[in-house]
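What follows is each chain in one-letter form.
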Amino acid sequence: MAAISLLVAAPALGDDMERARSIVAATCAACHGLDGNSVVPNFPKLAGRHPDYIAKELGDFISGRRKSDIMASVVAALDTDDFKLLGAYYGSQQPTPGKVADPTIAENGKKFYFEGNEQTGVPACEGCHGTAAEGNRKFPRLAGQHREYLIEQILSFRTNARSTTRVMREVSVRMTDAEIKAVAEYLSSM
Amino acid sequence: MRKWLLLLLAMPWLAGPNLANDATPAWNEITGEKLLALKLKGNVARGEEAFEGCQGCHRRGATGSASGMYPRLAGQHAAVLIEQMADIRSGRRRNPKMEPFADEHVLTPQAIADIAFYLQGLPVPPSLGKGPGKALERGKAIYSRDCADCHGEGGEGNGAKFYPMVAGQHFVYLLREARLLRDGERGNANPDMVRVIKPYSDQDLEAVADYMSRLDKR
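Residues numbered from 1 in each chain as written. Chains lettered and ligands numbered in written order. Predicted model: local features only at pLDDT ≥ 70, side-chain atom pairs only at ≥ 80, totals over all residues.

Here we look at the packing of helix α3 (residues 51-63) of chain A against helix α5 (residues 83-91) of chain A
Residue and element names in this part refer to chain A.
Right, on to step 1. Two numbers describe how α3 lies on α5: the axes approach to 7 Å, and their chain directions differ by 135°. Between α3 and α5, the crossing angle belongs to the class labelled oblique. At the point where α3 passes α5, the crossing takes the right-handed sense. Facing P51, D52, I54, A55, L58 and G59 of α3, the residues of α5 in contact are F83, K84, L86, G87, A88, Y90 and G91.
Right, on to step 2. Taken together, the residues of the contact of α3 with α5 break down into 8 nonpolar, 3 polar and 2 charged. (Axes fitted to C-alpha atoms, helices over the stretch in contact; angles between N-to-C directions. Helix = DSSP H or I, 4+ residues; strand = E, 2+ residues; numbered from the N terminus. Parallel < 35°, antiparallel > 145°, perpendicular 65-115°, else oblique. Left-handed = near helix turned anticlockwise from the far one by under 90°. Contact = placed C-beta atoms within 7 Å. Nonpolar A, V, L, I, M, F, W, Y, C, P; charged D, E, K, R; others polar.)

Notes on the interface of chain A and chain B
Right, on to step 1. On the side of chain B, 14 residues touch chain A, which itself brings 11 residues to the contact.
Right, on to step 2. When contributions to the side of chain A that touches chain B are tallied by element, the ones reaching two or more residues are α7 (126-129) and α9 (166-174) of chain A.
Right, on to step 3. Of all the elements, α9 of chain A adds the most residues to the side of chain A that touches chain B, at 3 residues.

Considering the packing of helix α9 (residues 171-182) of chain B against helix α11 (residues 202-213) of chain B
Residue and element names in this part refer to chain B.
Right, on to step 1. The geometry of α9 relative to α11 is characterised by a closest axis approach of 9 Å and an angle of 135° between their N-to-C directions. It follows from the interaxial angle that α9 and α11 lie oblique. Remark: the crossing between α9 and α11 carries right-handed chirality. Listed contacts from α11 to F171, L174, L175, A178, R179 and R182 of α9 are L205, E206, A209, D210, M212 and S213.
Right, on to step 2. Its residues placed into classes, the contact of α9 with α11 shows 7 nonpolar, 1 polar and 4 charged.

What about unusual backbone geometry?
It is generally the case that most residues other than glycine have a negative phi and that most peptide bonds are trans.
Right, on to step 1. Even without being a glycine, N160 of chain A presents a positive backbone phi close to 70°.
Right, on to step 2. By the element assignment, N160 of chain A lies in the loop between α8 (147-158) and α9.
Right, on to step 3. The phi dihedral of F162 of chain B falls on the positive side, at around 65°, and the residue is not glycine.
Right, on to step 4. Take F162 of chain B: it is sitting in the loop between α8 (136-151) and α9.
Right, on to step 5. Residue F162 of chain B is classed as buried on the basis of its C-beta count, with 21 C-beta atoms lying within 10 Å. (Buried ≥ 20, exposed ≤ 12 C-beta atoms within 10 Å, placed from the backbone.)

Describing the environment of S163 of chain A
Right, on to step 1. Considering the arrangement of structural elements, one finds S163 of chain A in the loop between α8 and α9.
Right, on to step 2. With 14 C-beta atoms counted inside 10 Å, the residue S163 of chain A sits in the partly exposed group.

Considerations on the nonpolar core
Buried together is how nonpolar side chains tend to be arranged in soluble globular proteins.
Right, on to step 1. By size, the foremost hydrophobic cluster in this structure holds 32 residues, and its most contacted members are L81, I82, M85, I112, I115, A116 and L119 of chain B.
Right, on to step 2. Contributions of two or more residues to this core are made by α3 (32-39), α6 (78-90) and α7 (109-120) of chain B.
Right, on to step 3. Residues A106, A124, Y149 and M175 of chain A belong to the second largest nonpolar core, which totals 24 residues. (Core = buried A, V, L, I, M, F, W, Y, C linked by C-beta atoms within 7 Å.)

Points about α3 of chain B
In an α-helix, one turn spans 3.6 residues, which is why side chains three or four residues apart end up on the same side.
Residues and elements named next belong to chain B.
Right, on to step 1. Of the positions making up α3, those classed as buried are K34, A37 and L38. Looking down the long axis of α3, one finds its buried residues gathered within 100° of arc, a one-sided arrangement.
Right, on to step 2. Here the buried face of α3 lies against α6 and α7. (Arc of directions from axis to C-beta.)

Structural notes on the domain arrangement of chain B
You'll often see interface size given as the accessible area lost when the parts meet.
All names here are of chain B.
Right, on to step 1. What the domain assignment reports for chain B is domain 1 (2-120) and domain 2 (136-213).
Right, on to step 2. Contacts between the two partners involve 22 residues from domain 1 and, on the opposite side, 19 residues from domain 2.
Right, on to step 3. Broken down by element, the side of domain 1 that touches domain 2 gets its largest block of residues, 5 residues, from α6.
Right, on to step 4. Here the residues of the side of domain 1 that touches domain 2 are counted per class, giving 9 nonpolar, 7 polar and 6 charged. (Domains from an automatic or database assignment.)

Points about the domain arrangement of chain A
Residue and element names in this part refer to chain A.
Right, on to step 1. With domains assigned, chain A is organised as domain 1 (2-91) and domain 2 (103-189).
Right, on to step 2. Domain 1 and domain 2 are separated by 24 Å when their C-alpha centres are compared.
Right, on to step 3. With 14 residues of domain 1 at the interface, the matching set in domain 2 holds 14 residues.
Right, on to step 4. Looking at the side of domain 1 that touches domain 2 residue by residue, the class counts come to 4 nonpolar, 3 polar and 7 charged.

Looking at the confidence of the model for chain A
Right, on to step 1. On average, chain A scores 92 in pLDDT, and the residues at 70 or more come to 93%.
Right, on to step 2. By mean pLDDT, the top-scoring element of chain A is helix α10 (residues 177-189) of chain A (98), and the lowest-scoring one is helix α1 (residues 2-8) of chain A (48). (pLDDT = per-residue confidence, 0-100.)

So, in structure tokens, the structure goes:
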């Protein structure tokens, strides 16, 4: 229904965003923030992520392709028809910049982000996630993301606990712990 | 556009699968998904998007890396690219570094065709990774004698026959693959090629790889 009203009645866009905001306030904001800039390191920032990517992940939580006890119970309470709307809401929020915690490690991480590791066959992260780690429809925005969340996710790809992408599984297995730490430092500083 | 049309007309397997099966040599059996991808019409815009997943290694614009770890793909013949992607997926060409990124969970045969057409149309960038330049006369003599008949005087290759363009490819990559070919480790090698390269010394390989890396096909 939401999608249809977006198409046929442009003025309804504001109304939809109001509705999205109220869903977010009731269901998502406690962890992800009303503006998508979560302040809790274990919960990802969603501001500025591509709406399609957010909608896709919500779908994966529903189907069980992506496993999370917390998110499974939350998405079960949502209407799947609202996924795109929620994606559009969070996608249109302004991401807050990250903070540099360790400039030296962040510098190593930047090098890794743009070059990968040729010897061990790790592709450069920027190939998919973009030169500003801005992400796109298929690949999530990583710029300014919490380092703790980034590390946790890369490790969950490595153990296959998060098994939604074959590519990240392979990448994470090839990365050393130091490389994971460094690239998370760089991204969280953006 | 014209280049593609000519290439399409020159592809014998497009006439029909029976002809393709009869005419193809054993080293490059055109069956299964390779045949499928070769027959599919590649879409450049879709190929550009699908290539996002490749450019972490092969880089934007498919320039490869100057270190020679990853080959340049820009301007390569679509048929050659499809052949190599299919052979890496099937394990005929052993490439454990790349295989997971090109497997069936990541790329459909249509995506292979799309990527190949996108890459074929990319401008060939200047050569980045050259050899030491100490034996270019020797390299030229070897190339003219043994290589030019198939790969072309200017290293342009021949898509209809699955002979890759070698001009402007990174030196270290050419040298590595030439060694694998000579030593029987490239899996999907053309036996004619292996026969030619078998007697080469390491110095011969280095000289001819250096010469090829300096051929300018732009």
